[in-house]
Amino acid sequence: MKKNKERLISLLASSKNAYISGENLSEELQVTRTSIWKYIKELKEEGYEIEAIRKKGYMLKQIPLHLSESVLKWDLKTAFIGQNIIYRPVLSSTQDMAHELARSGCEAGTLVIADKQTSGRGRLNREWESNHSGGIWMSLVLRPEIAPNNAPQLTLLSAVAVSNAIEKLLAIDVQIKWPNDIFLHNKKLAGILTEMQAEVDKINYLVIGIGINVNQQIEVFGEELQSKVISLKELLDQEIDRKTFIHCILEEFELLYNDYLENGFKPIQKSWVDKAYKIGEEISLKTPKKNFKAIFEGIEHDGSLLVENSNGDIEKIYSAEIDW
Ligand code: BT5
């Protein structure tokens, strides 16, 4: 059962820009008016700005900057992406909890968010440094009816959604480095990790993990990373409201995802290529078969990389170590 205070916030949030009387609140929550008064006092101490007017009741004016489920749900304009939100101050990895929820049948669009991760991970079990607050660490559960080999398209879609949100909200142009990094001024701002549970021809569920450096100082990162990463705060010299940013990402994601399910990958492919890091430039590739230099030409329908080798032939690359 949801805690009374959480329910109180939901009630106040749902009567946006209108007063709701203490009597109504106590009836809805089945508690005394004195308890309501006590909860309101506690919420104010937690940073909620609530106006109280005699004979009218209470109105929620402003929510605090720190994250919580109620803060995250407040004013989210999506139909299903993020409508079921689980927030925890600390998790081993939001991926782990999202997998657990997905296995037990949670609805598509379920989002897990944490302030810190003690074992955040990237691809191939690489470490994702996120045992500090200020970033956005979140995982989204999806159940698309697409072929499993099209799943990489959703990593690319996610990168486009995050880039669009950054551009819309902060008017900053970012670039996407194949396949899953978001780059700003040649440094890594965000990464995306897609994990899937599938049979040969059917995806049971996908978990898309998104990690973005937002309000951290660069000093929180390990020494080795400090010259390779960037946060939005470092660039803009101001704190970003993570809740607004997360909403913007979720809303962008839902738009693109619905478009993808209806019209396929083409529109996403185009947006991705428009933002691609080093497109048209020479890159060095190391594949199990050979090391070579080639011109980065674009991406294929299945998300693979297209390069033009020194003979002028176009090659499709599914995985490679790339020196950008
Ligand atoms: C990624 O992997 O870029 C995917 C990162 C996904 C993180 C999210 S956070 C929410 C969810 N929960 C998780 O546990 N994971 C997801 P990859 O392309 O393998 O890049 C990993 C590399 O990025 C590391 O080896 C470092 O070089 C670098 N790195 C680690 N932490 C970073 C950070 N906070 N910011 C930028 N780069 C980082």
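Per an unreviewed UniProt entry, the protein chain is named Bifunctional ligase/repressor BirA, and its organism is Saliterribacillus persicus. Taken directly from UniProt, the Function (unreviewed entry) text for the protein chain runs: "Acts both as a biotin--[acetyl-CoA-carboxylase] ligase and a repressor." Entered under Catalytic activity (unreviewed entry) in the UniProt record, the comment concerning the protein chain runs "biotin + L-lysyl-[protein] + ATP = N(6)-biotinyl-L-lysyl-[protein] + AMP + diphosphate + H(+)".

Novice: Mind showing me how you'd approach the site of the ligand here?
Specialist: In the vicinity of the ligand there are 28 residues, among which Ser93, Arg121, Arg126, Lys188 and Asn213 approach most closely. Here an oxygen atom of the ligand sits 2.8 Å away from a polar atom, N or O, in the side chain of arginine 126. The contact in question runs from an oxygen atom of the ligand to an N or O atom on the side chain of asparagine 180, over 3.4 Å. For the ligand, whose accessible area on its own is 800 Å², the fraction buried by protein is 91%. Secondary structure elements with two or more residues in the shell around the ligand: α5 (94–103), β5 (136–142), β8 (187–199) and β9 (202–212). Here the element with the most residues in the shell around the ligand is β8; it accounts for 4 residues. Grouping the constituent residues of the shell around the ligand by class yields 9 nonpolar, 12 polar and 7 charged.

Novice: Would you mind showing me how to read the sheet that holds strand β11 (residues 291–299) here?
Specialist: What holds strands together in a sheet is hydrogen bonding between their backbones, with the strands either parallel or antiparallel. Across the sheet, which stays open at both edges, the 5 strands sit in the order β13-β12-β11-β10-β14 with antiparallel pairing between neighbours. Two strands bound the open sheet, and with one partner strand each, they are β13 (314–317) and β14 (321–323). Averaged over all pairs of adjacent strands, the angle between their axes in this sheet comes to 45 degrees, without regard to strand direction. Relative to β13, strand β12 (residues 305–308) is paired through 4 bridges, and the arrangement is antiparallel.

Novice: Just to check I follow, could you spell out the packing of helix α6 (residues 152–170) against helix α10 (residues 266–274) for this structure?
Specialist: A pair of packed helices is characterised by two quantities: the angle between their axes and the separation of those axes. Close contact between α6 and α10 brings their axes to 9 Å; oriented N to C, the two are set at 55 degrees. Of the possible angle classes, the one that applies to α6 and α10 is oblique. Helix-helix and strand crossings are classified by hand; for α6 and α10 the assignment is left-handed. Between α6 and α10, the contacting residues are Leu156, Leu157, Ala159 and Val160 on the first element and Ile268, Ser271 and Trp272 on the second.

Novice: Hey, could you run me through the sheet that holds β5 in this one?
Specialist: Taken in spatial order, the 7 strands line up as β3-β4-β5-β9-β8-β7-β6 in an open sheet, and their pairing is mixed. Each of the sheet's edge strands pairs with one partner strand only, and the pair in question is β3 (85–91) and β6 (175–177). Each adjacent strand pair in this sheet contributes to an overall mean axis angle of 20 degrees, direction not counted. Judged from the 7 bridges that link them, β5 and β9 form a sheet pairing that is antiparallel. Looking across to β9, one finds that tryptophan 137 is bridged to glycine 211. The strands touched by α5 are β3, β4 (111–117), β5, β8 and β9; relative to β9, the strand with the most contacts, the crossing angle is about 155 degrees.

Novice: Can you help me understand the nonpolar core in this one?
Specialist: Grouped together as the largest cluster of nonpolar side chains are 67 residues, with contacts concentrated most on Met138, Leu189, Ile212, Leu232, Phe245, Phe253 and Trp272. Shared between two domains, this core holds at least three residues of each, these being domain 2 (69–274) and domain 3 (282–323). Judged by nonpolar contacts, the second largest core, of 20 residues, contains Leu11, Leu25, Ile40 and Trp74.

Novice: Help me out: how do you make sense of the UniProt feature "domain: BPL/LPL catalytic" (unreviewed entry) in the protein chain in this one?
Specialist: What UniProt calls "domain: BPL/LPL catalytic" (unreviewed entry) maps, in this numbering, to residues 70–261. For the annotated span residues 70–261, helix accounts for 32% and strand for 27% of the residues, and the straight-line distance between the end C-alpha atoms is 30 Å.

Novice: Mind showing me how you'd approach the pattern of salt bridges here?
Specialist: Side-chain pairs of opposite charge can arise whenever the charged atoms involved come near each other. With the rule as written, the count across this model stands at 17 salt bridges. Here aspartate 96 makes a salt bridge to arginine 121, at a shortest N to O gap of 2.8 Å. Taken together, the positions of aspartate 96 in helix α5 and arginine 121 in the loop between β4 and β5 put the pair 25 residues apart, joining distant regions of the chain. Residue aspartate 96 is classed as partly exposed on the basis of its relative accessible area of 30%. For lysine 275, the salt bridge goes to glutamate 167, with nearest N and O atoms at 3.1 Å. With lysine 275 in the loop between α10 and β10 (282–286) and glutamate 167 in helix α6, the pair connects residues that are 108 residues apart, well separated along the chain.

Novice: Would you take a moment to explain the UniProt feature "DNA-binding region" (unreviewed entry) in the protein chain for this structure?
Specialist: Summarizing the sequence annotation, UniProt attributes the feature "DNA-binding region" (unreviewed entry) to residues 22–41 in the numbering used throughout. Taken end to end, residues 22–41 has its terminal C-alpha atoms 13 Å apart, with 85% of it in helix and 0% in strand.

Novice: So what exactly am I meant to see when it comes to the pairing of β8 here?
Specialist: Residues in a regular strand project their side chains so that they alternate between the two faces of the sheet. Across 4 bridges, the pairing between strand β7 (residues 181–184) and β8 is antiparallel. Across the sheet, phenylalanine 183 pairs through a bridge with lysine 188, a residue of β8. The turn joining β7 and β8, which pair antiparallel and follow one another in sequence, is formed by 2 residues; a positive phi near 50 degrees is taken by histidine 185. Sheet topology places β8 next to β9; 10 bridges connect them, and they run antiparallel. If you follow glutamate 199 over to β9, its bridge partner there is lysine 202. Connecting the antiparallel pair β8 and β9 is a turn made up of 2 residues.

Cut-offs and rules
- Residues numbered from 1 in each chain as written.
- Predicted model: local features only at pLDDT ≥ 70, side-chain atom pairs only at ≥ 80, totals over all residues.
- Heavy atoms only, no water.
- UniProt positions renumbered as here; feature names shortened; annotations may be inferred.
- Near = heavy atom within 4 Å.
- Polar contact = N/O pair within 3.5 Å; in protein donor to acceptor, adjacent residues only side chain to side chain.
- Areas by Shrake-Rupley, 256 points an atom, 1.4 Å probe, with all protein chains shown as cover.
- Helix = DSSP H or I, 4+ residues; strand = E, 2+ residues; numbered from the N terminus.
- Nonpolar A, V, L, I, M, F, W, Y, C, P; charged D, E, K, R; others polar.
- Pairing = 2+ DSSP bridges.
- Axes fitted to C-alpha atoms, helices over the stretch in contact; angles between N-to-C directions.
- Parallel < 35°, antiparallel > 145°, perpendicular 65-115°, else oblique.
- Left-handed = near helix turned anticlockwise from the far one by under 90°.
- Contact = heavy atoms within 4.5 Å.
- Core = buried A, V, L, I, M, F, W, Y, C linked by side-chain atoms within 4.5 Å.
- Buried < 20%, exposed > 50% of the residue type's maximum accessible area, 1.4 Å probe, protein only.
- Domains from an automatic or database assignment.
- Salt bridge = Lys/Arg side-chain N within 4 Å of Asp/Glu carboxyl O.

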